[in-house]
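Per-entry structural report
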Amino acid sequence: MKDILRIVKFDHLTSSPIAIKPFIVILILCSLLGMIYAPLIFGYILFGAMVFVIPLQLVADKSGFNKLYGILPVNRKNITRARFIYIFLIHFFAEVYAVIFASVSTALKLYKVLPNQEGEMMQMIEESFADKLMTYGVIVGMFLFICLLFSYMEMMGQIFGRENEMKIILITMAVVSVLLIGFVMLAERDIIPAIALPKFPETTSGRITLAVVANICMFIVCLLFGEITAGRLAKREL
């Protein structure tokens, strides 16, 4: 585990020189707008977290870090596992920040200092501050989607090559689209039973529990993708 944490730290140090400035800009912008106009804007910090992931392979290729990874006194599988844990942690911390400051924003209600409180726009802003459970749900949903997307693309990119990422995206979209269309058509003809989406808990404690479970499931998915990738790369090196 110590080796994995060291590689996670190394990945963070690798991306930080490129990522830190744009991330701070995104963080400040989202924080200001989220405090005054809509707590949901804090969720866009999750998109900002991408800048700590995207440069990793570019820097590794440009600086020869791939060779460095090969000579480090660390199990090659742990290097691969660490990348997926790093992806999860970067987005998880962004999610926690977004949820905490969205809560602060809904409590302070700084939009009340704005002029023209009776205007139509102000009514929309007031509504965005009122439904805090929806805000938290959307932020958690954004975390799940973005983290799943990046961990999946990391797995496919390492297994099939970064140069094939566009093909991977197109093939994945095609497969998902065909499966969805096929499922809908079969369900309409009663060949397979329709699946009803579960209802979200109405209480705050219920939604907190759901969010915790969703985060744990996402962490397990990242670990699973890491194990699949590490196993495939290990076979390739034999």
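In this report, we go over the structure that sits alongside the text.

Reading guide: rules and limits
Residues numbered from 1 in each chain as written. Predicted model: local features only at pLDDT ≥ 70, side-chain atom pairs only at ≥ 80, totals over all residues. Heavy atoms only, no water. Buried < 20%, exposed > 50% of the residue type's maximum accessible area, 1.4 Å probe, protein only. Helix = DSSP H or I, 4+ residues; strand = E, 2+ residues; numbered from the N terminus. Arc of directions from axis to C-beta. Contact = heavy atoms within 4.5 Å. Disulfide = S-S within 2.5 Å. Expected span 1.5 Å × (residues − 1).

1. What about helix α6 (residues 120-130)?
Looking only at α6, the buried set comprises M122, I125 and F129. Here the buried residues of α6 occupy an arc of 60 degrees about the axis, which is enough to place them on one side. Exposed residues on α6 whose side chains face more than 90 degrees from its buried face are E120, E127 and A130. Where α6 is buried, its residues touch α1 (2-36), α5 (76-108) and α7 (132-160).

2. Concerning the state of the cysteines
Within the structure shown, the criterion is met by zero disulfides. Cysteine C147 remains unbridged, with the sulfur of C222 as its closest cysteine sulfur at 3.8 Å.

3. Re α7
The end-to-end C-alpha distance of α7, which contains 29 residues, comes to 42 Å, matching closely the 42 Å that a straight helix rising 1.5 Å per residue would cover. The positive-phi residue at the C-terminal boundary of α7 is G161, with phi of around 105 degrees.

Purely spatial values, then, with no claim about function.
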